[in-house]
Amino acid sequence: MKRIVFATGNEGKMKEIRMILADLQVSVLSMKEAGLQIDVEENGKSFAENADIKATAIQKLSPGDIVLADDSGLEIDALNGEPGIYSARYMGEDTSYRIKNANLIERLNGVPDEKRTARFVCAISAALPGGKILRSRGTIEGRIGYEERGANGFGYDPIFYLPEYGCSTAELDPETKNKLSHRGKALEAIKEELRPFLEEEKR
Ligand SMILES: O=c1[nH]c(=O)c2ncn([C@@H]3O[C@H](COP(=O)(O)OP(=O)(O)OP(=O)(O)O)[C@@H](O)[C@H]3O)c2[nH]1
Ligand SMILES: [Mg+2]
């Protein structure tokens, strides 16, 4: 079976990615499963640049495989888009999300509902053997809540509130989150882009 290596060290992402790509006739491997464990410096200025950096760095190490990368994060409008591309590094990579989430809620103290708008953004890059790169992007709009709610998902999900669903993304079941999410949308789009290349490799 064809392989796709997914250049991420984030287990929460990887779980969602496996579900969303389950219908492709390919085996999806994490970097760990592919025997690749390097730390890629994410020194790009945008989600798209960082996704390219991760996908191409890992593709070089595994030149026969299609390598995908996800660069994503949370943009809070009242904080001028913070934490943005620094979402994983916000307050330090090793700081717990309980603390990061409490800090963001604190920073929004006094900000009314209608100004608590935020979005998750996901950029996907697919680095193909031979050097071609395919790209996609997905977003989901929501608002920052007043307390953590729910235990599903990962990271900032407990404070990312979807007014039209009346719950946070951590309160959605995984299938529903994947249907609505930035990651779900970006990966569905990249699947369509990838289809001809996966077909080609089958022949
Ligand atoms: O609650 C969340 N639900 C999500 O669905 C989500 N998607 C992204 N994020 C945040 O954005 C960072 C990505 O940063 P990032 O793309 O650099 O990934 P990462 O460093 O965690 O792993 P890697 O893929 O780079 O190895 C993550 O760590 C999280 O803080 C999310 N938070
Ligand atoms: Mg990262």
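Because the structure is a prediction, the values reported are computed rather than measured. (Residues numbered from 1 in each chain as written. Chains lettered and ligands numbered in written order. Predicted model: local features only at pLDDT ≥ 70, side-chain atom pairs only at ≥ 80, totals over all residues. Heavy atoms only, no water.)

1. Things to note about the side chain of Gln-59
We apply this condition: Where helices and strands are cited, they refer to DSSP runs of H or I of at least four residues and of E of at least two residues respectively, numbered from the N terminus. For each residue, the accessible area found with a 1.4 Å probe, counting protein chains only, is set against the maximum for its type, and the residue is called buried under 20%, exposed over 50%, and partly exposed in between. For this analysis, residues touch if any pair of their heavy atoms sits within 4.5 Å.
Residue placement: Gln-59 occurs in helix H2 (residues 47-61). Residue Gln-59 is classed as buried on the basis of its relative accessible area, which comes to 10%. In this view, Gln-59 contacts Asp-65, Val-67, Ala-127, Leu-128 and Pro-129; residues no more than four positions away in its chain are not counted.

2. Concerning the pairing of strand S1 (residues 2-6)
What counts here: For two strands to be treated as a pair, DSSP must find no fewer than two bridges joining them.
Relative to strand S2 (residues 26-30), S1 runs parallel, the two sharing 5 bridges. What sits directly across from Ile-4, in S2, is Val-28. For S1 and strand S3 (residues 66-76), the ladder comprises 3 bridges, and the chain directions are parallel. Each residue of the ladder has a partner; that of Ile-4, found in S3, is Ile-66.

3. Overview of the site of ligand 1
Rules: Residues are labelled near a given molecule or strand when at least one of their non-hydrogen atoms is within 4 Å of it. Between N or O atoms, a polar contact is any pair within 3.5 Å; within protein, one atom must be a potential hydrogen donor and the other a potential acceptor, and residues adjacent in sequence are included only when both atoms are from side chains. What sets the accessible areas is the Shrake-Rupley method with a 1.4 Å probe; for residues, cover comes only from the shown protein chains. In this classification, Asp, Glu, Lys and Arg are treated as charged, Ala, Val, Leu, Ile, Met, Phe, Trp, Tyr, Cys and Pro as nonpolar, and every other residue, Gly included, as polar.
The immediate surroundings of ligand 1 are formed by 22 residues, with Thr-8, Tyr-97, Phe-154, Tyr-156 and Asp-157 found nearest. For ligand 1, an oxygen atom lies 3.0 Å from a polar atom in the backbone of Ser-72. In isolation ligand 1 exposes 620 Å². Once the protein is present, 93% of that is buried. Breaking the shell around ligand 1 down by element, the ones donating at least two residues are S3 and helix H5 (182-202). If you tally residues by element for the shell around ligand 1, the top one is S3, at 4 residues. Partitioning the shell around ligand 1 into residue classes produces 5 nonpolar, 8 polar and 9 charged.

4. Concerning unusual backbone geometry
Here Glu-82 and Pro-83 are connected by a cis peptide whose omega angle stands at -10°. With respect to the element layout, Pro-83 can be found in strand S4 (residues 82-83). One non-glycine residue with positive phi stands out, namely Asn-80, at about 50°. Here Asn-80 lies in the loop between S3 and S4.

5. Here's the deal with the UniProt feature "active site" (unreviewed entry) in the protein
Keep this limit in mind: UniProt positions are given in the numbering used here, feature names are shortened, and annotations may be inferred rather than shown by experiment.
Per the UniProt annotation, the sites labelled "active site" (unreviewed entry) are Asp-71. Along the chain, Asp-71 falls in strand S3. Look at Asp-71 and you get buried, because its relative accessible area is 3%. Excluding anything up to four places from it in sequence, Asp-71 contacts Lys-13, Glu-42, Phe-47, Asn-50, Ala-51, Lys-54, Val-121, Cys-122 and Ala-123.

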